[in-house]
Amino acid sequence: VVAGEHYPDDVGEHLLRLFKGRKHAHNPQVHAAFARGLLIIDSIHATRNEPRLQSRDELIQQAGFFGDLIGDFSQDVSLASIAVLQAMANSRDTVLAQTGSQLLQRFVFNPGRAGHDTASVRLAQANVISALGGLRSGRAFTALRAILDTTGSVHGPEVRLQLARVAERAYANLIERQTSL
């Protein structure tokens, strides 16, 4: 991830090759770090209006892999997967953003984890709701509102807390922009 931030031109192709080959998929945390690095590089190239790596299609193709790992028995794997999908949902690329957001929401709507204890699934759902609250304001409002409308009182308190945080953050940003004029 750090190499992607500081040396996007030098490591991009190598990182994409490692990610595409899925050599580290048996270690989801490493594979997730590669994905986050590719998302950073993609964002840097988009900001510079430079040709982008072909990472976008590969990230979209492998997004389901990370979606399936949310709620894994290992909390570290689950959190790494949530972090990748949150970074994807915050992407400047609308297709990446929509894919990441949908996979996060899907877990809250339907965790489908046979054999997992209820407490770990609820913890993973709370982590996803918190991650959605960390998205850009417009995306966070949309995703959280969909969860609130669909699940009602099941996740109501957690979602309302995140909605309040998003609203506070949006208001603070508005005030900051107005005072800097």
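One can find the structure itself at the top, above this paragraph.
Residues numbered from 1 in each chain as written. Predicted model: local features only at pLDDT ≥ 70, side-chain atom pairs only at ≥ 80, totals over all residues. Heavy atoms only, no water.

Draft legend 1. Spotlight on a nonpolar patch on the surface. A cluster of nonpolar side chains, Tyr171, Leu174 and Ile175, forms an exposed patch at the surface whose accessible area comes to about 280 Å². With respect to the secondary-structure elements, Leu174 resides in helix α9 (residues 156-179). You can call Leu174 partly exposed: its relative accessible area is 36%. (Patch = residues over 30% accessible without salt bridge, like charges linked within 9 Å, V, L, I, M, F, W, Y side chains within 5 Å. Areas by Shrake-Rupley, 256 points an atom, 1.4 Å probe, with all protein chains shown as cover. Salt bridge = Lys/Arg side-chain N within 4 Å of Asp/Glu carboxyl O. Helix = DSSP H or I, 4+ residues; strand = E, 2+ residues; numbered from the N terminus. Buried < 20%, exposed > 50% of the residue type's maximum accessible area, 1.4 Å probe, protein only.)

Draft legend 2. Fine view of unusual backbone geometry. Backbone geometry at Arg22 places phi at a positive 55°, although glycine is not the residue there. Residue Arg22 is classed as partly exposed on the basis of its relative accessible area of 37%.

Draft legend 3. Quick look at the packing of helix α6 (residues 94-109) against helix α8 (residues 137-151). Contact geometry of α6 with α8 gives a least axis separation of 11 Å together with a crossing angle of 25°. Between α6 and α8, the crossing angle belongs to the class labelled roughly parallel. For the pair α6 and α8, the crossing hand works out as right-handed. Across the interface between the two elements, Ala97, Ser101, Gln105, Val108 and Phe109 of α6 pack against Arg139, Ala143, Ala146, Ile147, Thr150 and Thr151 of α8. Here the contact of α6 with α8 is built from residues that sort into six nonpolar, four polar and one charged. (Axes fitted to C-alpha atoms, helices over the stretch in contact; angles between N-to-C directions. Parallel < 35°, antiparallel > 145°, perpendicular 65-115°, else oblique. Left-handed = near helix turned anticlockwise from the far one by under 90°. Contact = heavy atoms within 4.5 Å. Nonpolar A, V, L, I, M, F, W, Y, C, P; charged D, E, K, R; others polar.)

Draft legend 4. Structural view of α9. Taking 1.5 Å per residue, 24 residues should reach 34 Å; α9 reaches 34 Å between its end C-alpha atoms and fits that length. Summarising the contacts, the buried residues of α9 are in contact with α7 (118-133) and α8. (Expected span 1.5 Å × (residues − 1).)

Draft legend 5. Quick peek at the side chain of His31. Here His31 is to be found in helix α3 (residues 28-47). Taking relative accessible area as the criterion, His31 reaches 0% and is therefore assigned buried. In contact with His31, other than residues within four places in its own chain, are Phe19, Arg22, His24, Ala25, Gln62, Phe65 and Phe66.

Draft legend 6. Quick look at the packing of α7 against α9. At a minimum axis separation of 9 Å, α7 and α9 run at an interaxial angle of 20°. Regarding the angle of α7 to α9, the classification is roughly parallel. Of the two possible hands of crossing, α7 and α9 adopt the one that is right-handed. Residue-level inspection shows Arg122, Ala126, Ile129, Ser130 and Gly133 of α7 in contact with α9, the latter providing Glu158, Val159, Gln162, Val166 and Arg169.

Draft legend 7. Spotlight on the side chain of Thr151. Tracing the sequence through the fold places Thr151 in helix α8. By relative accessible area, which is 16% here, Thr151 ends up buried. One polar contact links the side chain of Thr151 to the main-chain carbonyl oxygen of Ile147, over a distance of 2.7 Å. (Polar contact = N/O pair within 3.5 Å; in protein donor to acceptor, adjacent residues only side chain to side chain.)

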